[in-house]
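What follows is the residue order along each chain.
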Amino acid sequence: DGGNIRQTSQTIGGVTTLTQCGLAYVTLYLDRVWGLQKPIPQKRFFVYFIAILGLGLFRTYAWAERLAMIELLVPIGLLFFCYRGQTSHPIIRLIRVAGPILGVAALIFFFGVMEFFRSWSAHYSDVEDSFWGFVMKRFLAYYYTALNNGSGLLLTAKWPTFEMGYVLSWLYRFPGLIGPIFRIAFDLRGSGLNFLGRYADPEFTNMSGIYTVYYDLGVPGGLAYACVWGCLAGAAYASIRARRGMLRLLYPLLFLSILETMRILYLAEPRAFPAVLTVVVGHTLFRARVAAPGKQHQMRRARRHETVDGHRWFRPRFGRFFGR
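Not measured: the values here are computed from a predicted model. (Residues numbered from 1 in each chain as written. Predicted model: local features only at pLDDT ≥ 70, side-chain atom pairs only at ≥ 80, totals over all residues. Heavy atoms only, no water.)

S.K.: Give a detailed account of the overall build of the protein, specifying residues and quantitative values.
M.R.: Broken down by element type, the protein carries 13 helices and 3 strands. Put simply, the protein has 324 residues, and 42% of those count as buried. In the protein, the share of contacts with a sequence separation of at least 24, taken over all contacts with a separation of at least 6, comes to 68%. Of the accessible surface of the protein, which amounts to about 18,200 Å², a share of 65% is contributed by carbon and sulfur atoms. (Helix = DSSP H or I, 4+ residues; strand = E, 2+ residues; numbered from the N terminus. Buried < 20%, exposed > 50% of the residue type's maximum accessible area, 1.4 Å probe, protein only. Contact = heavy atoms within 4.5 Å. Areas by Shrake-Rupley, 256 points an atom, 1.4 Å probe, with all protein chains shown as cover.)

Here's what the structure looks like:
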């Protein structure tokens, strides 16, 4: 079963983390094809896209990493409705209207399928009466135990610590020497891990992304963090509506972070950093440059530029990644 495969499968520090770049590739690819409406002639890039989905499904099964597939499916659905969802097809209109309800139902169904291979068939099929009853109890348990863990941490520990152990979790857990150096330099005590070890259920050790911000920054700092987070999400949504700017490429990540807030502080997780970095690098290398109004731009090397909905697409030598 999936649990046994996970125990016998080993990850490779740094290399395994790079699999998170798949989220960035999916975003960049669909933004190019759906957002800029510029199909890529080479079929191999579509093959890469399908391969990334296949590897995400493998990670979901082999390491019981449900979030790996959600990180790919949510951007696909989100970008489809942002870029292609204005169609009058009745099914699309229904999904657009009842999206939140259908999304929760789809999440529970997906969770149930994954849980069947992960824990039901190996541990709970003999002790539980109803599979879907078990799924609902376990699904809700992930969220309310995370909230309980977060509130319990604030009740049992001195805060704020200003150690940024949660807000900068990706930095403290950075591979190589960087992570250990920061842990030593800032004297990270890991109070949250101590709390989980003493009080938490071994199966439910998520720490809510709501309370951990207050644990690190205090109430004023936590409110400021939430304000910046919300402003970024709003700006990203405006950017994706306008189909310009780097923030449109970060919108799927920000949307995921909102969905996962009750369970984890997603943006601070090490899994989010490679995706953010790849999106920033991809936008820097292959961004669309907007022509200033009323000016005629001379293109000495016209073969390295393309016009897409009034935008000028700069294509350097390594632009073959997205171009012809």
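S.K.: Got a sec to walk through unusual backbone geometry? Specific residues and values, please.
M.R.: Here the bond from Trp 159 into Pro 160 is cis, since omega is 0°, no more than 30 degrees from zero. In this fold, Pro 160 is placed in the loop between helix H7 (131–156) and helix H8 (169–172). A positive phi angle, near 55°, is found at Gln 37, a position not held by glycine. By secondary structure assignment, the location of Gln 37 is in the loop between helix H2 (21–35) and helix H3 (44–62). Notably, Phe 162 is not glycine yet its phi reads approximately 60°, a positive angle. The topology assignment puts Phe 162 in the loop between H7 and H8. Since its relative accessible area comes to 52%, Phe 162 is described here as exposed.

S.K.: Help me get a handle on the side chain of Ser 257, residues and values and all.
M.R.: Within the secondary structure, Ser 257 sits in helix H12 (residues 247–259). Within polar-contact distance, the side chain of Ser 257 engages the backbone oxygen of Leu 254 at 2.5 Å. The contacts of Ser 257, once residues within four sequence positions are left out, are Trp 229, Tyr 266 and Leu 267. (Polar contact = N/O pair within 3.5 Å; in protein donor to acceptor, adjacent residues only side chain to side chain.)

S.K.: So what about the pattern of salt bridges? Which residues, and what values?
M.R.: As enumerated under the stated definition, the model contains 10 salt bridges in all. For Arg 138, the salt bridge goes to Glu 203, with nearest N and O atoms at 2.7 Å. Here the residue Arg 138 occupies a position in helix H7, and Glu 203 occupies one in the loop between helix H10 (191–199) and helix H11 (211–242), the gap between them amounting to 65 residues. Arg 138 gets classed as buried once you look at its relative accessible area, which sits at 7%. If you follow the salt bridges from partner to partner, you end up with Arg 66, Glu 115, Arg 118, Arg 138 and Glu 203 in one network. (Salt bridge = Lys/Arg side-chain N within 4 Å of Asp/Glu carboxyl O.)

S.K.: Describe the packing of H2 against H3, with residues and values.
M.R.: One way to put it is that H2 packs onto H3 with a least axis distance of 10 Å and a crossing angle of 140°. The angle between H2 and H3 falls in the class oblique. As H2 packs across H3, the resulting crossing turns out to be left-handed. Facing H2, whose interface residues are Gly 22, Tyr 25, Val 26, Tyr 29 and Leu 30, H3 presents Phe 45, Phe 46, Tyr 48, Phe 49 and Ile 52. A class-by-class count of the residues in the contact of H2 with H3 yields 9 nonpolar, 1 polar and no charged. (Axes fitted to C-alpha atoms, helices over the stretch in contact; angles between N-to-C directions. Parallel < 35°, antiparallel > 145°, perpendicular 65-115°, else oblique. Left-handed = near helix turned anticlockwise from the far one by under 90°. Nonpolar A, V, L, I, M, F, W, Y, C, P; charged D, E, K, R; others polar.)

S.K.: Tell me what's going on with the side chain of Arg 271, and back it up with residues and numbers.
M.R.: Here Arg 271 lies in the loop between H12 and helix H13 (272–286). For Arg 271, a relative accessible area of 17% corresponds to the buried category. The residues contacting Arg 271, other than those within four sequence positions of it, are Gln 20, Arg 59, Glu 65, Leu 67, Ala 68, Glu 71 and Tyr 266.

S.K.: For the environment of Gly 245, give the residues involved together with the corresponding values.
M.R.: For Gly 245, the position within the fold is in the loop between H11 and H12. The sequence separation of Gly 245 and Ala 235 amounts to 10 residues, and the corresponding C-alpha distance is 9.8 Å. When neighbours within four sequence positions are excluded, Gly 245 is seen to be in contact with Ser 239 and His 283.

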